[in-house]
Amino acid sequence: MAQQNHDLTARTAGEVLGAYLRAQATAFLRGLRLHEESRADAVEGTEAARTLRGAARRISGSLATYRPVTESAWADGLRTELVWLSATLADEHAYGARLTRLLDALHRLSGSPELPAPRGSGSVGGSLTVGSARAAALLERQLTLARTRAHSATLQALGSARFHAVADAVAVLASEVPLDPIAAAGRTSDVLVPLAAQTESRLAVALAGLPLVRASHPYNADALIDDSHQDAPWHSVRRLLRVHRYAQEALGADVARLAAAGEALDRHRDAAEAAAASATAARTPRIAPATAYALGVLHADQRHEVEASRFAFQQIWGRAVVPT
């Protein structure tokens, strides 16, 4: 910590922020190169897209947090484009991961290593097992269609002039960061640290609105209620925590615990969205009662995962130390 404090005092804001942004721009370009080289490899393509998304989020988050240190017009324009790109790239992965999560849960809940064939007989036992195959088939149809549309949107985006303009801007950023000359010349401790503290303050306000005392009990059942209004504050904390973590990364702080807390909230979001997908599937007209039953059990299972994720976050956050 003493070494970090010395570095923050000795280095200018422009040196610290510039080094971080250049590193993230380089990571973005590396992800882009991997994506172009892995068109025939789904696994490598997924990893390349993850690298692109991560770098885009870090650059856009840092440009928002440390906007006064940059040329604001440039920072605002690039941040808007990176948010668009990150959201576009995220959709395809999200639908695929959601389908995998729900099918795995159906396998587990049905008590069978493999789901019966959709047209299999009811002799395999139990209403849940009977309905699981049809529920799986229904989810696969709905989420595969959504994923296919997202994939097409991704391909269209990556081939657009808009994306190429973003890539060109990031390529420039990898070698030269447009900075405000006065703010960038200030000491990091005087310029960047107070700006990073603002992200912590916004996070603290959002955290104050969460029922963390109730979340400290693993079976309080609050999260079992399928209510988007109830989930929304947790999703907001997740986004604010991510921006705060990136702000601390730029300062060279240890963010391991912040990352662990963020992972718990990622699981919370995934479970909430999976529960919503199962509820949407259950509203499909004219589905069999056994299918609706299986989807209802699946929905409850994912809401239990929401509750477990909130409990995990509270346990981690109770130990988290946020260095500023």
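What you see is a predicted model; the values in this text were computed from it and never measured. (Residues numbered from 1 in each chain as written. Predicted model: local features only at pLDDT ≥ 70, side-chain atom pairs only at ≥ 80, totals over all residues. Heavy atoms only, no water.)

Brief notes about the overall build of the protein
Assigned secondary structure in the protein consists of twelve helices and zero strands. When each of the 324 residues of the protein is scored for burial, the buried share is 45%. As displayed, the protein offers around 15900 Å² of accessible surface, 55% of which is attributable to carbon and sulfur atoms. (Helix = DSSP H or I, 4+ residues; strand = E, 2+ residues; numbered from the N terminus. Buried < 20%, exposed > 50% of the residue type's maximum accessible area, 1.4 Å probe, protein only. Areas by Shrake-Rupley, 256 points an atom, 1.4 Å probe, with all protein chains shown as cover.)

Considerations on the packing of aromatic side chains
In this structure the tally under the stated criterion is two aromatic pairs. On the basis of an interplanar angle of 80 degrees and a centroid distance of 6.2 Å, the ring pair of Trp234 and Phe313 is categorised as edge-to-face. A residue pair is termed long-range when its members are at least 10 positions apart, and Trp234 in helix α10 (residues 228-250) and Phe313 in helix α12 (residues 289-317) qualify at 79 residues. No difference in accessibility class separates Trp234 from Phe313, as the two residues are buried. Owing to a relative accessible area of 1%, Phe313 belongs among the buried residues under this scheme. (Phe/Tyr/Trp six-rings, centres within 6.5 Å; stacked < 30°, edge-to-face > 60°.)

Regarding the packing of helix α4 (residues 72-110) against helix α6 (residues 161-173)
Put simply, α4 and α6 touch, their axes get as near as 10 Å, and they point 125 degrees apart. Between α4 and α6, the interaxial angle falls into the category oblique. Considering only the axes of α4 and α6, their crossing is left-handed. Residue-level inspection shows Trp74, Leu78, Glu81, Leu82, Trp84 and Leu85 of α4 in contact with α6, the latter providing Arg162, Phe163, Val166, Ala169, Val170 and Leu173. The residue makeup of the contact of α4 with α6, split by class, is ten nonpolar, no polar and two charged. (Axes fitted to C-alpha atoms, helices over the stretch in contact; angles between N-to-C directions. Parallel < 35°, antiparallel > 145°, perpendicular 65-115°, else oblique. Left-handed = near helix turned anticlockwise from the far one by under 90°. Contact = heavy atoms within 4.5 Å. Nonpolar A, V, L, I, M, F, W, Y, C, P; charged D, E, K, R; others polar.)

Some remarks on α4
If you check α4, its first and last C-alpha atoms are 55 Å apart, about what 39 residues at 1.5 Å a residue would give, namely 57 Å. Roughly 30 degrees is the biggest bend found in α4, and it falls at Asp91. (Expected span 1.5 Å × (residues − 1). Bend = angle between axes of the 7 residues up to and from the residue.)

Section: the confidence of the model for the protein
Chain-level pLDDT for the protein is 89 on average; 85% of the residues reach the 70-or-more range. Mean pLDDT per element in the protein: helix α1 (residues 2-10) is the minimum at 61, and helix α7 (residues 181-184) is the maximum at 98. Here residues 113-125 is modelled with pLDDT under 50, and outside its nearest four sequence neighbours on either side it reaches 17 contacts, counting other chains as well. (pLDDT = per-residue confidence, 0-100.)

A few points about the environment of Ser38
Tracing the backbone shows Ser38 in the loop between α2 (13-37) and α3 (42-65). The spacing of Ser38 and Ala48 is ten residues in sequence and 8.1 Å in space, taken between C-alpha atoms. Once residues within four sequence positions are removed from consideration, Ser38 is found in contact with Glu44, Gly45 and Ala48.

A few points about the pattern of salt bridges
For the coordinates displayed, the defined rule picks out 13 salt bridges. Close ionic contact of Asp76 with Arg67 constitutes a salt bridge, the shortest N to O distance being 2.8 Å. Across the pair Arg245 and Glu249 runs a salt bridge, and its minimum N-O distance is 3.6 Å. Taken together, the residues Arg245 and Glu249, both in helix α10 and four residues apart, mark about one turn of the helix. Residues Arg245 and Glu249 agree in their burial class; the two are buried. Through salt bridges with shared partners, a single network forms among Arg58, Arg245 and Glu249. (Salt bridge = Lys/Arg side-chain N within 4 Å of Asp/Glu carboxyl O.)

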